[in-house]
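Geometric and topological summary
Each chain, letter by letter, is given below.
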Amino acid sequence: MTDANAQPLYDTFARADLRFERGEGVWLVTESGDRYLDFAAGIAVNSLGHSHPHLVETLKTQAEKLWHVSNVYEIPGQKRLGQRLVDNTFADKVFFTNSGAEALECAIKTARRYHYVNGSPERFRIITFEGAFHGRTLATIAAGGQVKYLEGFGPKVEGFDQVPFGDEKALKAAIGPETAAILIEPIQGEGGVRSVPDEDLRALRKLCDDEGLLLILDEVQSGVGRTGKFFAHEWSGIQPDIMAVAKGIGGGFPLGACLATAEAAKGMTAGVHGTTFGGNPLAMAVGNAVLDIILGEGFLEHVQKIALFMKQGLASISDRYPGVISEVRGRGLLVGMKSVLPNTALVQALRDEHLLTVGAGDNVVRLLPPLVTTEDEARDALTRIEAAAERLSVPARQKSA
Ligand SMILES: Cc1ncc(COP(=O)(O)O)c(C=O)c1O
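Residues numbered from 1 in each chain as written. Predicted model: local features only at pLDDT ≥ 70, side-chain atom pairs only at ≥ 80, totals over all residues. Heavy atoms only, no water.

**Let's talk about the overall build of the protein**
Helices and strands together make up the secondary structure of the protein, namely 13 helices and 17 strands. Its C-alpha atoms give the protein a radius of gyration of 22 Å, near enough to 21 Å, the size a compact globule of 401 residues would have. Expressed as a percentage of its 401 residues, the buried residues of the protein come to 49%. For the protein, the proportion of contacts with a sequence separation of at least 24, taken over those separated by at least 6, is 73%. Roughly 18700 Å² of accessible area belongs to the protein as shown, and the carbon and sulfur atoms make up 53% of that amount. Considering the protein, the positive charge centre built from 41 side chains and the negative charge centre built from 50 side chains are found 1 Å apart. (Helix = DSSP H or I, 4+ residues; strand = E, 2+ residues; numbered from the N terminus. Rg over C-alpha atoms; globule rule 2.2 N^0.38 Å. Buried < 20%, exposed > 50% of the residue type's maximum accessible area, 1.4 Å probe, protein only. Contact = heavy atoms within 4.5 Å. Areas by Shrake-Rupley, 256 points an atom, 1.4 Å probe, with all protein chains shown as cover. Lys, Arg positive; Asp, Glu negative; His and termini not counted. Charge placed at Lys NZ, Arg CZ, Asp CG, Glu CD.)

Next comes the structure, spelled out in structure tokens:
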């Protein structure tokens, strides 16, 4: 017998009761016509906002030509996007995926294969950091190390050693003869917008060089212009050996990439890794269109300018409402507001003001606006944040009076 109340979808998401019908720039519009300022941007995915004309046009044009061919054939858009990533980063080699977790899987496999072909197959362990989030596949939940994501899924995938965030002594102690690499987000997104200080990233680079380890950066959330540089690690001046990218590079189309130096990728030879959908012509057309804008003249400077405007506005709100927002952190347009009340209450209060945000660890509320946000739109968001802070700071006694 069928249960009339049964829902067809897995119950894995605690969804808000909102149904959006369309998006226009930084706005999302519900079925009933209510407009919301989207400062969640699909959790750092809609880097160019919604319905960006260049992306829409590119996708339509490509859809009329060719959607998919297997990676057993040449895909010109893939070569072009790969070359542009190589030209604009530390990398010499790129592998395209459909998601962040798959980009991380490729990064982990690349690091292990590197030591394998170097004659050190015993070096397969990867050091990660508490509070990390690298995805939801079996290997990436092991890398992230969070009990809530590991529980009930059988033995944790072997080969990940986690150390406390920012604890240099513990990090050094964790390095052993089996260690292959260190994996880190330059800014922990899910973990609560916790930045790795630039000098710590430089120290990590040196440690990897001294110990013969590969440095893997997870820039799935922090990359592709989000911090006002093409990739967040550029602020520190270091270069990784391997890097996972996704989210913003597709602007809303599922697309990820694993980037590596030629040396780090030397074990990834024909047949050792693969994907059916990764790098297909539709995804490549959109990825190239996203880069047309993000690498265009003045774009990253625009992100830096809006980020500074937001930072100053938020600092002022936090100063005036310390009982609601105790701290503002992050870099560029990856911003965290540490909430005094449970962060779910702040997210809800902001949603009541028709501003969409997203929670994170450490009781933080994340602001991840589209990178095309204008100063007027940022000002509008600040007005809504202030209104929510004002409402939350009014004592319950006064509210009911
Ligand atoms: C830093 C980081 N790494 C990896 C992932 C996983 O990406 P995906 O959900 O596309 O698999 C995420 C997603 O939130 C992320 O923020």
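So that's the structure; there's more coming.
**Some remarks on the nonpolar core**
Membership of the largest hydrophobic core comes to 72 residues, with the highest contact counts inside it found for Ile182, Ile294, Met310, Met337 and Ile385. Shared between two domains, this core takes at least three residues from each, and those domains are domain 1 (20-51 + 298-393) and domain 2 (66-295). In this structure, Met310 is in contact with Phe39, Leu333, Leu367, Ala378 and Leu382, ignoring residues within four places of it in sequence. One finds Cys106, Ala181, Ala260 and Ala264 within the second-largest nonpolar core, a separate group that totals 24 residues. (Core = buried A, V, L, I, M, F, W, Y, C linked by side-chain atoms within 4.5 Å. Domains from an automatic or database assignment.)

**Observations concerning the UniProt feature "binding site: pyridoxal 5'-phosphate" (unreviewed entry) in the protein**
Taking the numbering used here, the UniProt-annotated feature "binding site: pyridoxal 5'-phosphate" (unreviewed entry) corresponds to Gly100, Ala101, Phe133, Asp218, Glu219, Val220, Gln221 and Thr276. A maximum C-alpha distance of 25.1 Å among these annotated residues, which run over 177 residues, shows that they spread across the structure rather than meeting at one spot. Taking the annotated residues in turn, Gln221 line the largest cavity. Mapped onto the secondary structure, Gln221 falls in the loop between β10 (214-218) and β11 (242-245). Residues contacting Gln221, with those up to four places away along its chain left out, are Ile43, Ala44, Gly189, Glu190, Arg226, Lys247, Leu334, Arg366 and Leu368. Its location among the elements puts Thr276 in the loop between β12 (256-260) and α9 (281-294). With residues near it in sequence (within four places) discarded, Thr276 still touches His68 and Asn71. (UniProt positions renumbered as here; feature names shortened; annotations may be inferred. 1 Å grid on protein atoms, 1.4 Å probe; cavity = no way out; pocket = protein on both sides within 12 Å on 5 of 7 lines; lining within 4 Å.)

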